[in-house]
Amino acid sequence: MESAKYVSLKISKTRWRPVSHSSLQQPDIFATGSWDNEDNKVSVWSIGDPGSLGLEDGFEGDPQLICEHKHDGDVLDLQFLDQERIVTVSSTGAVTIFRHHQNSQTVSVSQQWPRAHRYPCDDAPGTGVACSSPEIVTVGEDGRIIVFRADHEGVVRVIENADSSTLHAVTYLRTTEVLTVNSFGQLKLWDLRQQNNSPSQVLSLSGDRVPLYCVDRHPNQQHIVATGGQDGMLCVWDVRQGSMPFSLMEAHSAEMWEVHFHPTNPDHLFTCSEDGSLLHWETASPSERPSFLQGGGSSSMTSRSAMAPAGGNQSIMSAWLCGDPSKSRLETTHMLPSQTLSVNSLDVLGQCLVCGTDGEAIFVNRQVPV
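Nothing here was measured: the structure is a model prediction, and the numbers come from that model.

Caption draft 1: Just the environment of Val 147, in detail. Among the secondary structure elements, Val 147 is positioned in strand E14 (residues 145-149). Residues Val 147 and Ile 136, spaced 11 residues apart in sequence, show a C-alpha to C-alpha distance of 5.8 Å.

Structure (structure tokens):
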């Protein structure tokens, strides 16, 4: 089932609320942030049974607004810290923790660090946030990496000149290591236990310095990382080997804004772009391909990839690093009806996918074939 909700706000970010690992339940709550509007908002939505929320209109699966809160500046990134708290970074440089009160179905600001990202005489937009509760790491246009702790007033740590260019995104590699991507096309590894302010590793796209805008790490094999950027290419890296991407795939015809491995089935990966498309990537040999993708699927195509030969002796070889593209075919499927405006953000959990667009629409798909 796919449903579209028009919300009269440009949606910059969208994230599912985490579900407990012990339960097999599908996610039913997600949050969005807006940008480029007179009044921006952080909003919480439900796709659960409307009756349980006392909402009259709307069928099951049609996103229903539960509550929202004004947000100063554009929401440039947004992550759930836990079941109740949402962290945002703003174009004003502020880092804010919002709390979703599930009893009263309201949202309030529970903590804020105003102007965390800043230039000497102006605000610097915060561009990315990663959470490993209770820790929060943010990056910004000021080239700073800042570590916070929820319920702790001060800043835990600042890496002042982490980068001379804009840092666009950050993700945890392990509990003490984060990865950042920048506008020089570099991927940098930071060990937060080290007191020095330099990266433990730098990887980069050779040749042109194509800005990288997004990064995600493989949920089971932390050394595998996917990035996307200005040229719309999907890059897969092995941070244990070499300093260049392992494979490059033509993905989008414009900037790639987000890339996400499926959290529990990482043979599936999703990307979205300024070109208005949302792609589902799947590594499977033709015999393994599920029936929904076999034959006759005009939406399915094998991408052209420039796979580098596999280096090193690896007993467990991820399909994403397979040296022979003919053995590990990559299927790509378009997930949205043809869009004209940018798809800025996506998130996938269980069989549910949500994305937000500059067309002031949220799309929810509850039957993602993973």
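Caption draft 2: Representation of the packing of aromatic side chains within the structure. In the structure shown here, the tally under the stated rule is five aromatic pairs. Ring centres of Trp 16 and Phe 30 lie 5.4 Å apart, and the angle between their planes is 75°; this geometry places the pair in the edge-to-face category. Pair noted here: Trp 16 is in strand E2 (residues 11-16) and Phe 30 is in strand E3 (residues 29-34), with a separation of 14 residues, a long-range link. Taken individually, Trp 16 and Phe 30 each receive the classification buried, so the pair is uniform in this respect. Plain terms: the ring middles of Phe 261 and Trp 320 are 5.9 Å apart, the flat faces sit at 80° to each other, and that makes the pair edge-to-face. Taken as a pair, Phe 261 in strand E24 (residues 256-261) and Trp 320 in the loop between strand E28 (305-307) and strand E29 (330-334) lie far apart in primary sequence, 59 residues in all. Overall, Trp 320 belongs to the buried group, its relative accessible area being 1%. Every member of this aromatic cluster is reached through a ring pair, and the members are Trp 16, Phe 30 and Trp 45.

Caption draft 3: Main features of the sheet that holds strand E9 (residues 106-113). Ordered by their spatial adjacency, four strands build an open sheet running E6-E7-E8-E9, and the pairing between neighbours is antiparallel. The open sheet terminates on both sides in strands that have one partner only, identified here as strand E6 (75-80) and E9. Each neighbouring strand pair of the sheet contributes to a mean axis angle of 25°, computed without reference to strand direction.

Caption draft 4: Expanded view of the pattern of salt bridges. Throughout the structure, instances matching the rule amount to 19 salt bridges. Among the ionic pairs, Lys 41 bridges to Glu 68, the shortest N-O distance being 3.8 Å. Remark: Glu 68 occurs in strand E5 (residues 64-71) and Lys 41 occurs in strand E4 (residues 40-46); sequence separation between them is 27 residues. A salt bridge links Arg 99 to Glu 84; its shortest N-O distance comes to 2.9 Å. One end of the pair, Arg 99, is in strand E8 (residues 95-101); the other, Glu 84, is in the loop between E6 and strand E7 (85-90), and 15 residues separate them in sequence.

Caption draft 5: Structural detail: the side chain of Thr 271. As for its placement among the helices and strands, Thr 271 is situated in strand E25 (residues 268-273). Here the side chain of Thr 271 touches Trp 281 through a polar contact of 3.0 Å, side chain to side chain. When near neighbours in sequence (up to four residues on either side) are disregarded, Thr 271 contacts Leu 234, His 252, Met 256, Glu 258, Val 259, Ser 277, Leu 278, Leu 279, Trp 281 and Leu 346.

Caption draft 6: Molecular detail of the environment of Arg 217. Positionally, Arg 217 belongs in strand E20 (residues 212-217). Among residues more than four places away in sequence, those in contact with Arg 217 are Tyr 172, Leu 173, Arg 174, Gln 222, Ile 224, Val 225 and Phe 261. Within the structure, Arg 217 has its side chain in polar contact with the backbone oxygen of Tyr 172 (distance 3.2 Å). Within polar-contact distance, the side chain of Arg 217 engages the backbone oxygen of Leu 173 at 2.9 Å.

Caption draft 7: Just the sheet that holds E2, in detail. Pairing is antiparallel across the open sheet formed by four strands, whose spatial order is E2-E3-E4-E5. Every other strand in the sheet has two partners, leaving E2 and E5 as the edge strands with one partner each. On average, each strand axis in the sheet is inclined to that of its neighbour by 20°, with strand direction left out of account.

What counts as what
- Residues numbered from 1 in each chain as written.
- Predicted model: local features only at pLDDT ≥ 70, side-chain atom pairs only at ≥ 80, totals over all residues.
- Heavy atoms only, no water.
- Helix = DSSP H or I, 4+ residues; strand = E, 2+ residues; numbered from the N terminus.
- Phe/Tyr/Trp six-rings, centres within 6.5 Å; stacked < 30°, edge-to-face > 60°.
- Buried < 20%, exposed > 50% of the residue type's maximum accessible area, 1.4 Å probe, protein only.
- Pairing = 2+ DSSP bridges.
- Axes fitted to C-alpha atoms, helices over the stretch in contact; angles between N-to-C directions.
- Salt bridge = Lys/Arg side-chain N within 4 Å of Asp/Glu carboxyl O.
- Polar contact = N/O pair within 3.5 Å; in protein donor to acceptor, adjacent residues only side chain to side chain.
- Contact = heavy atoms within 4.5 Å.

Without other data, these values stay purely geometric and don't point to any function.
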